[in-house]
Amino acid sequence: MDLFVNAIVAGILLGAFYAAVSVGLSISFGQLDIVNIAHPAFVIVGSYIAWILNSRYGLDPVLVGVLAAPIFFIVGALIYRIYYAAFERTGQESLSGLAFFFGVMFIIEVVLILVYGVDYRLVSAGYLSKNVDLGFVGLPLRLVVPFLVASAMTGAVWLYLSRTFTGRAILAVAQDRLALQLMGADPVRIKQFAFGLAIATTAIAGALLIMIGPVEPSLGRVYIGRAFAIVVLGGMGSIPGMVIAALLIGVLESLVSSFAGPSWAPAVAFGALLITLAVRPSGLFGRA
Amino acid sequence: MVNRRSFARAIIAAGALAFAAGALVSAPAHAAKPLKIGFSMALTGGLAGAGKAALIAMEIWREDVNKKGGILGRPVEFVYYDDATQPAKVPGIYTKLLNVDKVDLVVSSYGTNEIAPAMPIVMRKKLVFPSLFGLAVNDEFNYDRYFQIMPAGPEPKTDWSKGFFELAAEQNPKPKTVAIVSADSEFTLNAAAGARQNAKSGGFIIVYDKTYPMSTTDYSPIVRAIEAANADIVFVASYPPQSVGMVKAAREVGLKAKMFGGAMVGLQFAAIQKNLGPALNNIINYDFWVPEPTLNFPGVKEFLARYQEAAKGKGVDPLGHYLPPYAYAYLQVLEQAINATKGLDQGKLAAHMHKATFKTVVGDVKFAKNGEWATSRTLQVQFRDVKPNDMAQFSGPGKRIVLYPKAWKSGDIVYPFNQ
């Protein structure tokens, strides 16, 4: 029983972190239809910024992530401008756009290697080595803090998208670009804003990642498949769906690791994805 | 005014001078044709931290050799390519090194996963193949020109963890049950296979034996499952990010095992040691060189001082205790073999390397028939009195006590792990 409850709790903590990594992708890939394969690479950039400011000035990684988010937003908006001018405007976004983001990913990795080398980077904060025990349930703050921050961030993004005019316009641009134009909104500017928002989330997700474990420039590749799978499983563009999918993958991985053996964890998680898509091709919360 | 005839004479004279000068320059250049050593190296990707550190050590060796006038009177040059920690790239790199770059000699990249794919190419050309930290690669190939610098011993799979299990068997009361957990990759699976054999031959009962994918993020479910299995000792075979995850999870869960460690790569790296700090205390893990008085080989401290200077600002392990001395030493072995045989005849080089004992910065090196060290020197070291956030503490003795082998022992075990 102890093992089962702890596995569920660990899975929820892990799932919330997966949601933080995937929420930006849910906007760019799920809503804007931009296959941003470089998304996890931006997460790694976020980790490096957290490491630099934490190791040099002792700043808390979460604070660094929040402070870096506006800069990431601007970078994201600029990248979308380039993407739009080079590919989307000419209708070449499918294959050429994918190659573009592959290129961005490799450039990020190489720049990180050239500037900061290849050693593993970690952050330190007083609370990261602490544990809270609630009866037989152990809660390591190394995972609890990312859970809380990730929940706040995904909640804020969801509220923004569902409650504000710009947020609704982002949802609308994914559904009917022409109708949005008729309403007087500029779809390109809306998409630019949305892509900036998607990249801004990676600053915080990166800070959370380096709190959980060490980071090196190519680590982002580990999360490419998982993040895309979560977005697809949740239903393209659905933030609540993405959160449910992330928690589902986290809990499944944790339960399988605890009871069947960790080598089965990816197979079971991706098996769940395949079964869900077979029964419900649009994902858990996707529009049929 | 210069007339046409005198202009033509001037041209001829200049041409003759240039020819003579060219001959003077090219004659010694021809005599000192560089000796090219080719290799692939993980300079990007997951193993790049070690790969780049190895390259720094190899460049120090090249500088030393060229200062002495090179090998066989020829300056040494390196031709190398980044294999990006992708084994699939390695065969192509060695094919290019041998067929296009026409290198004189090859040595290996770092690590089991990158060495094994080069073997068929090197074997086809019947070349001597000094290799850098491959675990049991030659078990599959049985190549008589393979020479491996990591001191894993003649039976690398089992020798790797022999000390861990012998130490466990010496404790009173003797622990009974063991958990073996490893990452799903070539090296770690080999290490786990050896641990399994050692556990069985030592009379231990294996109560948990699982692998985990390299992409695992949270290790606490694995540690809790091990705890639930009531394992007295826990043998972990992992790569750096996973090693950090396992240590943190073990401390968070409060693992009650009596021994914890084994084959965790990464706990030898200064940045990780600094970050984990006191969480490392009492962990018993493999290592190959630590700054204990029993391992003070001639030249090793001088080499490390130069490495540490060269490593500054390059984003690699700043202390370089783990791999760099061996990356220097495997080229020392090659150099000494070439000088002894006075040529590059691969058959003679291999024959000499099988019978000679080489003096290197990692001590005397003697190879067994299968190209591994004739005698294992896989250390089992125990972290002791580690303080938080202090990298400098690891540069001196007293933090990683050598428990095994007895010939190199520098202190006694602290047992059990969680006290």
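Residues numbered from 1 in each chain as written. Chains lettered and ligands numbered in written order. Predicted model: local features only at pLDDT ≥ 70, side-chain atom pairs only at ≥ 80, totals over all residues.

In this section: the confidence of the model for chain A. This prediction gives chain A a mean pLDDT of 90; 99% of its residues lie at or above 70. Ranking the elements of chain A by mean pLDDT puts helix α7 (residues 177–182) of chain A last, at 76, and helix α2 (residues 39–57) of chain A first, at 96. (pLDDT = per-residue confidence, 0-100. Helix = DSSP H or I, 4+ residues; strand = E, 2+ residues; numbered from the N terminus.)

Accessible area lost when the parts come together is the quantity often used to give the size of an interface. Residue-level contacts link 34 residues of chain A with 38 residues of chain B. Every element with two or more residues in the side of chain A that touches chain B is listed here: α1 (2–31), α4 (95–116), β2 (137–140), α5 (141–163), α10 (239–259) and α11 (265–279) of chain A. Taken together, the residues of the side of chain A that touches chain B sort by class into 17 nonpolar, 13 polar and four charged. (Contact = placed C-beta atoms within 7 Å. Nonpolar A, V, L, I, M, F, W, Y, C, P; charged D, E, K, R; others polar.)

Ala20 and Leu208 of chain A together with Ala54, Val234 and Tyr326 of chain B are the most contacted members of the largest nonpolar core, which has 241 residues in total. Two domains each donate at least three residues to this core, and these are domain 1 (35–154 + 297–366) and domain 2 (156–295 + 377–408) of chain B. Residues within four places of leucine 208 of chain A in sequence aside, it is in contact with Phe17, Ala20, Pro146, Val149 and Ala150 of chain A. (Core = buried A, V, L, I, M, F, W, Y, C linked by C-beta atoms within 7 Å. Buried ≥ 20, exposed ≤ 12 C-beta atoms within 10 Å, placed from the backbone. Domains from an automatic or database assignment.)

Turning to the pairing of strand β8 (residues 233–238) of chain B, a few remarks are in order. Residue and element names in this part refer to chain B. Burial within β8 is extensive, with six of its six residues counted as buried. A two-sided burial pattern is seen for β8, the buried positions comprising Ile233, Phe235 and Ala237 on one face and Val234, Val236 and Ser238 on the other. Pairing between β8 and strand β9 (residues 259–264): six bridges, direction parallel. Its bridge partner lying in β9, valine 236 is registered against glycine 262. Between the parallel pair β8 and β9, the chain is carried across by helix α10 (residues 240–253), and the sense of this crossover is right-handed. (Pairing = 2+ DSSP bridges. Right-handed = clockwise from strand over helix to strand, strands pointing away.)

So, on to the confidence of the model for chain B. Residue and element names in this part refer to chain B. This prediction gives chain B a mean pLDDT of 91; 93% of its residues lie at or above 70. Scored below 50 in pLDDT, residues 11–30 makes zero contacts in the model with residues more than four places away or belonging to other chains. Of the two predicted TM-score estimates for the complex, the pTM is 0.85 and the ipTM is 0.87.

Residues and elements named next belong to chain B. Structurally, chain B comprises domain 1 (35–154 + 297–366) and domain 2 (156–295 + 377–408). On a C-alpha basis, the centroid separation for the pair domain 1 and domain 2 is 27 Å. With 21 residues of domain 1 at the contact, the number on the domain 2 side is 23 residues. Of all elements in the fold, only α4 (112–115) and α13 (324–341) reach the threshold of two or more residues within the side of domain 1 that touches domain 2. Taken together, the residues of the side of domain 1 that touches domain 2 break down into 13 nonpolar, seven polar and one charged.

Once that is clear, we can look at α13 of chain B. Residue and element names in this part refer to chain B. Counted at 1.5 Å a residue, the expected span for α13 with its 18 residues is 26 Å, and the 26 Å between its end C-alpha atoms agrees. Among the 18 residues of α13, 13 are classified as buried, and the element is accordingly described as predominantly covered. Positive phi appears at lysine 342, one or two residues downstream of α13, with a value of about 55°. (Expected span 1.5 Å × (residues − 1).)

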